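Each chain is listed here by its residues.
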Amino acid sequence: MKIIYSKAPTTWHVLECVINIIDLQIYRLPTFPVIATDIDVSKSHVLHTAKPSPHLSSSLYEMGSLNFYERFSRTFRENPSLSRFLVVFAVSGGGLVAYSEANIQTSPKIDELPEPGNDKKKVVVLGTGWAGTSFLKNLKNPSYDVQVISPRNYFAFTPLLPSVTVGTVEARSVVEPIRNIVKKKNVNVNYWEAECYRIDAKSKKIYCRSSQDDKEEFVVDYDYLVVAMGARVNTFNTPGVEENCHYLKEVEDAQKIRRKVIDCFEKASLPNLSDDEKRRVLQFVVVGGGPTGVEFAAELHDFVSEDLVKLYPSVKDLVKITLLEATDHILNMFDKRITTFAEEKFHRDGIDLKTGEMVTKVSEKEISTKVIKTGEVSTIPYGMAVWSTGIATRPVIMDFMKQIGQANRRVLATDEWLRVEGTNSIYALGDCATINQRKVMEDISAIFEKADKDKSGTLTVKEFQEALDDICDRYPQFKSALSQVDSQMKNLPATAQVAAQQGSYLADCFNRMEDCTKSPEGPLRFRESGRHRFRPFRYKHLGQFAPLGGEQTAAQLPGDWVSIGHSSQWLWYSVYASKQVSWRTRSLVVSDWMRRFIFGRDSSQI
């Protein structure tokens, strides 16, 4: 049998695919030799006979020993579409291959580099946390080449980290590989596991270091840079914190805490320890009365009272959990009703709640504290301490802030469009940045100068009405007493909810960049001509939860609606399950909750 093929470089690839299809048939008849003949389609005549190129698999030559003809003919009888495929293939040659590959590959490979001469804008995303992942999930415009750089190749559902520390939820149930998230997108996305240690805004370059080898460094160019690196734990320069305390910001932190808790119980069960030493080992101290610290203390109490007391009955009466908070109350960002309920519940559960005390020093076995009002100093022996007191700026962000003239700020400042102030193509999201809310009183002259179109020095009612909508859009506090509200403006909280909304907003801006450049939809530029391309970012608070243990959760929802109790716990379950980034993690988290209800929490050190 003779097969005719063209000189297109991918022709043998398609031919091999056809033969592989034929190979699936199981019928055997007398064999026929196979000869591959190269033709020039444009001249429509046979040039020469040649063997296939080296990349063609050996199955083509082995076909002679198989019943090629019968399988070939039967395949085309049973699949008429293949006949049309072969005809079109013989006529169009390599053009068919390009068409076929374009239709088969609906989403680009994540590790593909941009083609030479590609004029797509290069977007570099630093970080795979809530902000960065939300941006990647919502980016749909295929006119960008996206490069993701982060030392961790997964997204972690951080609100469930306290549950991971005690085995209520397994660590792998709350993480999703970043490649899984972006592999089905119709956008060119590449991921490199590395850490950015320097940002050069002038030359539009970032300097990175491999997470596998510190000596491996490389430089990446960008057209747009999205900084979503998060923040580090704020120790307030307290001596001994870094050496002796556990943090709770990453999945690895939760795993370390889980092992440490079990280690403490195992150590306290040894026969050679005194009762005082056992009490010290089983003294768990949580520093910080925010949502993370409160939730961890509640989860640890449930773990001890529901599971560990049954496994370590000899030391169950020696366990003590202490929560330290420098302010007068825990959960200060919640409604007072929730704060009061949480404090009363902790007292009922036996959790030692110490408010108004700040930590001054942490040694290997003791924590030194000082009562803020009286100055009284005391020490607390401990077996494990968890530090959860807030966040601080990463060193690379601090260096970048000095470079762009923000050295006197505590955190990277952006405008209402999440663009870093002092730059044109760098955006910052999540915990590493804050929106610098513009104050009306600072811009009042520019506002009225813009509104005074006839330059008369006074505003008519019509001129004021035309500018009012833009003013309210740019300055949401305008409807209240200007000076008073300006003094009360607060930065957005460093929460997953804020970061996720910022990432979604910025992705929407990138998706509509070209359209909004031609037809701006934002408010008037009071200090320049024209309008802003996009409407400013506006955070919409959708509520917050505070699990308090014992299957009770406090929920503060929009509209000043406060719910506390078991019903709120089930609402918490449903919301957190629905907020998972994939059906895989959603099913794993739900199954972990069911497993805990049936079998209890796992107490192994793994």
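In the block above lies the structure referred to throughout.
Anyway, here's the lowdown on the structure attached to this text.

Calculation criteria
- As a convention, each chain's residues are numbered from 1 in the sequence order in which they are written.
- Thresholds applied to this predicted model are a pLDDT of at least 70 for local features of residues and 80 or more for the giving and counting of side-chain atom pairs; totals over whole chains, interfaces and linings are not thresholded and use all residues.
- Processing note: side-chain calculations cover all non-hydrogen atoms of the structure and skip hydrogens and water entirely.
- Among buried residues, the Ala, Val, Leu, Ile, Met, Phe, Trp, Tyr and Cys ones that are joined through side-chain atoms within 4.5 Å form a nonpolar core.
- Relative accessibility decides the category of a residue: with a 1.4 Å probe and only protein chains considered, values under 20% of the type maximum give buried, values over 50% give exposed, and everything between is partly exposed.
- It only takes one pair of heavy atoms within 4.5 Å for two residues to be counted as in contact.
- In DSSP terms, a helix is any run of H or I states spanning at least four residues, a strand is any run of E spanning at least two, and both are numbered starting from the N terminus.
- Polar contact criterion, stated in full: a pair of N or O atoms within 3.5 Å, where within protein one must be able to donate a hydrogen and the other to accept it, and residues adjacent in sequence count only if both atoms are side-chain atoms.
- Salt bridges are identified by distance alone: a Lys or Arg side-chain nitrogen within 4 Å of an Asp or Glu carboxyl oxygen.
- One less than the number of residues in a helix, times 1.5 Å, gives the span that helix is expected to have.

So, the nonpolar core
One broad trend across soluble globular proteins is that nonpolar side chains are buried collectively. Core analysis: the largest hydrophobic core is formed by 97 residues, its most contacted members being F135, V146 and F510. Residues contacting F510, with those up to four places away along its chain left out, are V123, F135, L139, N141, Y144, Y224 and Y427. Within the second largest apolar cluster, 24 residues are counted, among which are I149, I199, C208 and Y222.

A short note on the side chain of S210
Tracing the chain through its elements places S210 in strand β9 (residues 205-210). One polar contact links the side chain of S210 to the main-chain amide nitrogen of Q212, over a distance of 3.1 Å. Of the polar contacts made by the side chain of S210, one reaches the backbone nitrogen of D213; its length is 3.5 Å. Setting aside residues no more than four positions away along its own chain, S210 makes contact with E193, A194 and E216.

Digging into the pattern of salt bridges
Oppositely charged side chains can form a pair if their charged atoms are brought close together. Counted under the stated rule, the structure contains 23 salt bridges. Across the pair R596 and E306 runs a salt bridge whose closest N-O atoms are separated by 3.9 Å. Remark: E306 occurs in helix α12 (residues 291-311) and R596 occurs in helix α21 (residues 583-599); sequence separation between them is 290 residues. Owing to a relative accessible area of 30%, E306 belongs among the partly exposed residues under this scheme. A salt bridge links K320 to D352; the shortest N-O distance between them is 3.7 Å. One end of the pair, K320, is in strand β14 (residues 320-325); the other, D352, is in strand β15 (residues 352-355), with 32 residues separating them in the sequence. Residue class for K320 comes out partly exposed when judged on its relative accessible area of 37%. On the basis of relative accessibility, which here comes to 21%, the residue D352 falls in the partly exposed class. Each of E170, R258, D592, R595 and D602 takes part in salt bridges that share partners, so that together they form one network.

Some points on helix α13 (residues 336-349)
With 14 residues, α13 ought to run about 20 Å at 1.5 Å a step, and its terminal C-alpha atoms sit 20 Å apart, in line with that. Regarding α13, the residues found buried are I338, T339, F341, A342, E343, K345 and F346. For α13, the secondary structure elements touched by its buried residues are α12, β14, β15, β25 (553-557) and β26 (561-565). The N-cap of α13, judged by a side-chain oxygen 2.8 Å from the amide nitrogen of R337 a few residues on, is D335. Phi turns positive one or two residues past the end of α13, at G350, with a value near 90°.

Quick notes on the side chain of T423
Inspection of the secondary structure assignment puts T423 in the loop between β21 (412-414) and β22 (426-428). There is a polar contact of 2.7 Å between the side chain of T423 and the backbone oxygen of V420. T423 has contacts with F400 and I404, leaving out every residue within four places of it along the chain.

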